[in-house]
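What the coordinates show
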Amino acid sequence: MPIQSLKGVLRLLLLAAIFFAGVWSQSSGVIDDFIFYLPDVQYLAVQHLWLTAMSGGLAILVAIPLGVVLSRPSMARAAESLMQVLNVGTTIPTLAVLALSMSFLGIGVVPAVFGLFVATLLPIARNTYAGLKGVSPALMEAAAGIGMSPTQRLLKVELPNALYVIFAGIRTALTINVGTVPLAFLIGAGGLGELIFTGIALYDPVMMLSGAIPTAMLAIVVDALIALTAFLIVPRGVNPSRA
């Protein structure tokens, strides 16, 4: 009973805090300031999502087949060494990767997409590799015992059992990608970073938050959408969230 009462008090305090925050925001004109930047937020959010979709989509198309190739027995000796090459994109700060991309590809969208693509590769390739290597040897032996070819074992046994881990890598990579895209503004690619960095330069907190809050919300939405997709696609037997 005391715990129930405490939860009720906390709910009331939270509602009161939200109410007074709303009153303060309305009276101080902060909401009007945010509304002023709404057209910019809408326009730049489209650019932001496009950069995320392009770089993330390319990373998925490259990293999953790469993880599959590295997981094959013939690549056992070279797999970890090659994985360290991909690790460069994560070890080097993203801003440095974007700067290097700009040095070779100029400024604008192309170097931004390339830099974000490089920075997004490792989590997806690593999870694909780990998921496939983690498939039970007993399942592989049973599949071979009923006459499945290596390709059939990959498509019908290994990939379905590794899907949950692969989706976890995609989820992590794309969520980080959304939060990294604002840096693309620094090399002329647009996105919500325009509001964030311009707000910092002008010491305008409302402008800065007009870019930062939508970026955080987009990251949460992307994370939730990928989690929902994984919930629906990954087979029940290997999906802990559907167990």
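Not measured: the values here are computed from a predicted model.

**Section: the packing of helix α3 (residues 38-70) against helix α6 (residues 109-133)**
Direction vectors running N to C along α3 and α6 enclose 35 degrees, while the axes themselves pass 6 Å from each other. Regarding α3 and α6, the two cross each other, and that crossing is right-handed. Each residue belonging to the contact of α3 with α6 can be placed in one class, and the counts come to 21 nonpolar, four polar and no charged.

**So, the nonpolar core**
Ranked by size, the top nonpolar core spans 35 residues in total, and within it Met83 and Leu195 carry the most contacts. Broken down by secondary-structure element, the contributors of at least two residues to this core are α3, α4 (79-91), α6, α8 (150-180) and α10 (205-233). With eight residues, α8 is the single largest residue contributor to this core. Residue contacts for methionine 83: discarding those within four places in its chain leaves Leu70, Leu122, Ala125, Arg126 and Tyr129. Formed by nine residues, the second largest nonpolar core is a distinct cluster that contains Leu98, Ala112, Ala184 and Ala189.

**Notes on α10**
With 29 residues, α10 should cover 42 Å at 1.5 Å per step; its first-to-last C-alpha distance of 42 Å lies within 8% of that length. Every buried residue of α10 is listed here: Val206, Met207, Ser210, Gly211, Pro214, Thr215, Leu218, Ala219, Val222, Ile226 and Ala230.

**Digging into the confidence of the model for the protein chain**
Mean pLDDT for the protein chain: 81, with 85% of residues reaching 70 or above. Per-element averaging of pLDDT across the protein chain places helix α1 (residues 2-28) at the bottom with 55 and α3 at the top with 91.

**Overview of unusual backbone geometry**
For tyrosine 203, which is not glycine, the phi dihedral falls at a positive 55 degrees. Topologically, tyrosine 203 is positioned in the loop between α9 (193-201) and α10.

**Concerning the pattern of salt bridges**
Following the criterion strictly, the structure yields two salt bridges and no others. The residue aspartate 223 makes a salt bridge to arginine 171 at a minimum N-O spacing of 2.7 Å. With a gap of 52 residues between them, aspartate 223 in helix α10 and arginine 171 in helix α8 connect regions that are remote in the sequence.

**As for the layout of surface pockets**
Over the atoms, a rolled probe matching the size of one water molecule traces out where space is still vacant. As a volume, the largest pocket reaches approximately 220 Å³. Together, Ser71, Arg72, Pro73, Leu132, Lys133, Val135, Pro137, Met140, Pro150, Arg153, Leu154 and Glu158 line the largest pocket. Of all elements in the fold, only α6, α7 (137-145) and α8 reach the threshold of two or more residues within the lining of the largest pocket. The element best represented in the lining of the largest pocket is α8, accounting for four residues.

Cut-offs used in this document
Residues numbered from 1 in each chain as written. Predicted model: local features only at pLDDT ≥ 70, side-chain atom pairs only at ≥ 80, totals over all residues. Heavy atoms only, no water. Axes fitted to C-alpha atoms, helices over the stretch in contact; angles between N-to-C directions. Helix = DSSP H or I, 4+ residues; strand = E, 2+ residues; numbered from the N terminus. Left-handed = near helix turned anticlockwise from the far one by under 90°. Nonpolar A, V, L, I, M, F, W, Y, C, P; charged D, E, K, R; others polar. Core = buried A, V, L, I, M, F, W, Y, C linked by side-chain atoms within 4.5 Å. Buried < 20%, exposed > 50% of the residue type's maximum accessible area, 1.4 Å probe, protein only. Contact = heavy atoms within 4.5 Å. Expected span 1.5 Å × (residues − 1). pLDDT = per-residue confidence, 0-100. Salt bridge = Lys/Arg side-chain N within 4 Å of Asp/Glu carboxyl O. 1 Å grid on protein atoms, 1.4 Å probe; cavity = no way out; pocket = protein on both sides within 12 Å on 5 of 7 lines; lining within 4 Å. Points joined across faces, edges and corners; volume = space filled by probe spheres on them.

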